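Each chain, written out:
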Amino acid sequence: MANRKIFLLILLLAVSAAAALVIGPVSLTRDILWLRLSRILLGIAAGAGLASCGAVFQALLRNPLAEPYVLGVSSGAGLGAVLAVALFGYAGFLPLPAFTGGLLVIFLVYNLSRVGQKVPVQTLLLSGVVINIICSSLILFFISASGNPVLHDAMWWLLGNLQVFDSRLVLASLAAAGLGIPVFMLYSRELDAISLGEEEALHLGINIENVKTALFIIASIITAALVSACGLIGFVGLIVPHMARAIVGPKHKALIITAAILGAIFLVLSDAAARTIMKPAEIPIGIITSLLGGPFFLYLLRKTRNIKQK
Amino acid sequence: MKRFKKIAGLFIIFFLLCGPAYCRDIRVISLAPSTTEILFSLGLSENEIVGITNYCNYPPQTRNIPKVGSLATVNIEKIISLKPDYVFSVGSASNPLNKSLKAAGLDVKIFNAERLDGIFLAILDIGEITGRKDKAETLVKNMRRELQEIRDKTKSIEQPKKVYVEIWGEPITSCGRNSLVDEVITAAGGINIAGSINTLYPLLSQEFIISQDPDVILLGYMSRDQAGLKKAVASRFGWQNIKAVKNDQVICDISPDIFLRPGPRIVDGIAQIQKRLYGE
């Protein structure tokens, strides 16, 4: 049953991608084709990556409000970019300092919450949230303190955007999502157990600390890579896993792949809307994802009434 | 009677203190780089312009003037302590900054020039307020004359060039209809490819820019490394076939301060752009 649903979703993704290829502010010519195709690929990578990371974070933290940005990776990435501009006058390839910032924050959050060999989930969540707030404040501080007007615009970069300037970023995003999602699926049994509760997972003979660390690091690296490539795109990582749960249930083997495909469809279509609705001007994609996804999710919530976290 | 004497005495001291105020220089604060430039070009001195923003970088004398912050982070206490006669501000009259400046009893004058005509009006108004009416009229007359000369040249251009102006790249931001830049490009004889868009500063889609195939790309970033930006723009995915990139017509060496800033140097900016588009 789940397999059939997943197959249908893959079909739907193919149709959405094909439709997105012909939807745009200008008619499709050879020059435009590659640009639009790369944008669709970035949408697939970002959507699949964020949604599957969201599902993993929700399971690891056993919290339905968890999402890929909750532990501060995103504001770490933002801070990395802002610091590079503010302190070093950096005007080059922003994704690089952003990715570095994101990784440093993961390292910091992980070590802050480590107690001996263990990383208690509550501590992880709380220190992540606090680091997130500190980084955001530092971003605002540097933007308002620095006379460099570039930084005022760096705020926009954080809003998220699937425009492709550099095909290497598309490849990096595809690689991050493409390598990460199979790993998540390999760990699906452990994720099922952990989302029941750590005690229960232990009784099932799972070395939860190792699994938690590995998954936390992998999901964070994917998130950092995606934030660096396309900024903050809200909503996908939070809501799509819940949609996936409503469709295939809470078992992670089906859940992760379903969330990934749904996330990809969702971003590809949202981006098509973002570049078309006010053509030739663009709308930041985060606005579209919330406007499209919010009401749809509420509808789903009313309809199924029993979307459960576990 | 004793009390009356005391009060009278206070009054006399008060007036004695105020006396010098009537014969001293005017004291003004500018909260916009364009206003600062206007004030200097009207001949106000460093003693009269007592406070400016961190972004005010022209003319060189701005270096010696106390800074009161940038627009988002203006220090109101500092402004009050500088005892200005006028504060030249920008933005809406009801925004928190302007409201609190007014509440502090300051005489706030707001200028939001977005078009060439607005710049001329602002210069005339500021001239009137600061007692430099004649100077302002001469300045505006000269600017109008030079602008007319540029427009006369524009009339003889047979093949107007398509220009794409980029003021920021993440996300791609250009200048639409009703923006000063649109007027500047049109006056210089170019066609602004974003000129049909109603937003002032539209976020453009790359696909649109590529399909418009502009002859010239004008970079107006407020950043330091313009040459590096030029390289980055030219090497963007899918931009190699744009005429401006193919023919090395990505202009990065005209300071955006002279074509983005609604100040007295704007006509010079138009002249420089025209020269780069069509030669002498």
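This structure is a prediction, so every number in the text was calculated from the model and none was measured. (Residues numbered from 1 in each chain as written. Chains lettered and ligands numbered in written order. Predicted model: local features only at pLDDT ≥ 70, side-chain atom pairs only at ≥ 80, totals over all residues. Heavy atoms only, no water.)

### Focus: the overall build of chain B
Phase 1: Along chain B, the regular secondary structure elements total twelve helices and ten strands.
Phase 2: Looking at the 280 residues of chain B, the share that counts as buried comes to 49%.
Phase 3: Expressed as a percentage of contacts within chain B between residues at least 6 apart in sequence, the contacts between residues at least 24 apart total 59%. (Helix = DSSP H or I, 4+ residues; strand = E, 2+ residues; numbered from the N terminus. Buried < 20%, exposed > 50% of the residue type's maximum accessible area, 1.4 Å probe, protein only. Contact = heavy atoms within 4.5 Å.)

### Structural notes on the overall build of chain A
Phase 1: Within chain A, the secondary structure is distributed over 13 helices and zero strands.
Phase 2: Along chain A, helices (α) and strands (β) appear in the sequence α-α-α-α-α-α-α-α-α-α-α-α-α when read from the amino end.
Phase 3: The C-alpha radius of gyration of chain A comes to 19 Å, within 12% of the 19 Å expected for a compact globule of 310 residues.
Phase 4: Dimensions of chain A along its principal axes, counting C-alpha atoms only, are 55 × 45 × 35 Å. (Rg over C-alpha atoms; globule rule 2.2 N^0.38 Å.)

### Some details on the sheet that holds strand β8 (residues 191-192) of chain B
Residues and elements named next belong to chain B.
Phase 1: Read from one edge of the open sheet, four strands run β8-β5-β9-β10, paired in parallel fashion. The strands lining the two open edges of the sheet, one partner per strand, are β8 and β10 (250-251).
Phase 2: As defined by bridge partners, strand β5 (residues 162-166) adjoins β8 across two bridges and the pair is classed as parallel. When the sheet's bridge partners are listed, Val163 is paired in β8 with Asn192. (Pairing = 2+ DSSP bridges.)

### Describing the packing of aromatic side chains
Residue and element names in this part refer to chain B.
Phase 1: The final tally for this structure, using the stated rule, is seven aromatic pairs over all chains.
Phase 2: Taken together, the ring pairs in this structure connect Tyr86, Phe88 and Phe111 into an aromatic cluster.
Phase 3: The ring of Trp239 is capped by Arg236, whose NZ or CZ atom sits 4.6 Å from the centre of that ring.
Phase 4: Of note, Arg265 hangs over the ring of Tyr58, and the distance from its end group to the ring centre comes to 3.5 Å. (Phe/Tyr/Trp six-rings, centres within 6.5 Å; stacked < 30°, edge-to-face > 60°. Lys NZ or Arg CZ within 6 Å of the ring centre and 35° of its normal.)

### Some words on the packing of helix α2 (residues 33-41) of chain B against helix α5 (residues 116-129) of chain B
All names here are of chain B.
Phase 1: At a closest axis distance of 10 Å, the pairing of α2 and α5 adopts a crossing angle of 55°. Between α2 and α5, the angle is such that the two are oblique. Relative to α5, the crossing made by α2 is right-handed. Residue-level inspection shows Thr35, Ile38 and Leu39 of α2 in contact with α5, the latter providing Ala122, Ile123 and Ile126. (Axes fitted to C-alpha atoms, helices over the stretch in contact; angles between N-to-C directions. Parallel < 35°, antiparallel > 145°, perpendicular 65-115°, else oblique. Left-handed = near helix turned anticlockwise from the far one by under 90°.)

### Structural notes on the nonpolar core
Phase 1: If you look at the biggest cluster of nonpolar residues, it comprises 90 residues, and the most contacted ones within it are Leu61 and Ile233 of chain A.
Phase 2: Examining the composition of this core, we find that 13 residues originate from one element, helix α12 (residues 252-276) of chain A, more than from any other.
Phase 3: In contact with Ile233 of chain A, not counting residues within four places along its chain, are Leu50, Tyr69, Gly160, Asn161, Leu162, Leu267, Ile285 and Thr289 of chain A.
Phase 4: Counting 48 residues, the second largest nonpolar core, distinct from the first, contains Phe40, Ala122, Cys175 and Ile254 of chain B. (Core = buried A, V, L, I, M, F, W, Y, C linked by side-chain atoms within 4.5 Å.)

### Side note on the domain arrangement of chain B
All names here are of chain B.
Phase 1: For chain B, the assigned domains read domain 1 (24-137) and domain 2 (157-278).
Phase 2: The C-alpha centroid of domain 2 is placed 29 Å from the C-alpha centroid of domain 1.
Phase 3: Listed by partner, the interface residues are 13 residues for domain 1 and 14 residues for domain 2.
Phase 4: Across the domain 1 to domain 2 interface the summed buried area is about 1300 Å²; carbon plus sulfur atoms make up 57%.
Phase 5: Ranking the residues of domain 1 by area buried against domain 2 places Glu114, Arg115 and Leu116 at the top, with a combined share of 41%.
Phase 6: For the pair domain 1 and domain 2, the interface holds three salt bridges.
Phase 7: Close ionic contact of Arg261 with Glu37 constitutes a salt bridge, the shortest N to O distance being 2.7 Å.
Phase 8: Seen at the junction of domain 1 and domain 2, the total is seven residue pairs in polar contact (both at pLDDT 80 or more).
Phase 9: The set of elements that each furnish at least two residues to the side of domain 1 that touches domain 2 consists of α2 and α5.
Phase 10: With five residues, α2 is the largest single contributor of residues to the side of domain 1 that touches domain 2. (Domains from an automatic or database assignment. Buried area = accessible area lost by both parts, 1.4 Å probe. Salt bridge = Lys/Arg side-chain N within 4 Å of Asp/Glu carboxyl O. Polar contact = N/O pair within 3.5 Å; in protein donor to acceptor, adjacent residues only side chain to side chain.)

### As for unusual backbone geometry
Phase 1: For the bond running from Lys279 of chain A to Pro280 of chain A, omega is 0°, close enough to zero to count as cis.
Phase 2: Counting through the fold element by element, Pro280 of chain A comes out in the loop between α12 and α13 (285-304).
Phase 3: Positive phi outside glycine occurs at Asp248 of chain B, with the angle close to 55°.
Phase 4: You can see Asp248 of chain B is positioned in the loop between α10 (243-246) and β10.

### Thoughts on a negative patch on the surface
Residues and elements named next belong to chain B.
Phase 1: On the surface, Asp125, Glu128, Asp134 and Glu137 cluster together into a negatively charged patch.
Phase 2: As for its placement among the helices and strands, Asp125 is situated in helix α5.
Phase 3: Owing to a relative accessible area of 38%, Asp125 belongs among the partly exposed residues under this scheme. (Patch = residues over 30% accessible without salt bridge, like charges linked within 9 Å, V, L, I, M, F, W, Y side chains within 5 Å. Areas by Shrake-Rupley, 256 points an atom, 1.4 Å probe, with all protein chains shown as cover. Lys, Arg positive; Asp, Glu negative; His and termini not counted. Charge placed at Lys NZ, Arg CZ, Asp CG, Glu CD.)

### Describing helix α4 (residues 95-113) of chain A
Phase 1: Here α4 of chain A spans 27 Å end to end across 19 residues, near enough to the 27 Å set by a 1.5 Å rise per residue.
Phase 2: Every buried residue of α4 of chain A is listed here: Pro95, Pro97, Ala98, Gly101, Gly102, Val105, Ile106, Val109, Tyr110 and Ser113 of chain A. (Expected span 1.5 Å × (residues − 1).)

### A short note on the packing of α5 of chain B against helix α6 (residues 133-155) of chain B
Residues and elements named next belong to chain B.
Phase 1: The geometry of α5 relative to α6 is characterised by a closest axis approach of 7 Å and an angle of 165° between their N-to-C directions. For the element pair α5 / α6, the angle class is roughly antiparallel. Judged by the twist between their axes, the crossing of α5 over α6 is right-handed. Taking contact as the criterion, the partners of Leu116, Asp117, Ile119, Phe120, Ile123, Leu124, Gly127 and Glu128 in α5 are, on α6, Lys133, Ala136, Glu137, Leu139, Val140, Met143, Arg144, Leu147 and Arg151.
Phase 2: Of the residues that constitute the contact of α5 with α6, the class distribution is ten nonpolar, one polar and six charged. (Nonpolar A, V, L, I, M, F, W, Y, C, P; charged D, E, K, R; others polar.)

### So, the side chain of Ser34 of chain B
Phase 1: Mapped onto the secondary structure, Ser34 of chain B falls in helix α2.
Phase 2: Those residues within four positions of Ser34 of chain B in sequence are excluded, and the remaining contacts are Arg261, Pro262, Gly263 and Pro264 of chain B.

### Quick word on the sheet that holds strand β4 (residues 108-110) of chain B
All names here are of chain B.
Phase 1: Read from one edge to the other, the open sheet built from four strands follows the order β2-β1-β3-β4, with strand pairing classed as parallel. Strands at the two margins of the open sheet, each flanked by one partner only, are β2 (49-51) and β4. Going from strand to strand, the sheet's axes swing by 35° on average, the running direction of each strand aside.
Phase 2: Its contacts with the sheet put α2 on β1 (28-30), β2 and β3 (86-89), and the angle it makes with β1 is roughly 140°.
Phase 3: The strands that helix α4 (residues 96-103) touches are β3 and β4; relative to β4, the one it contacts most, it runs at about 150°.

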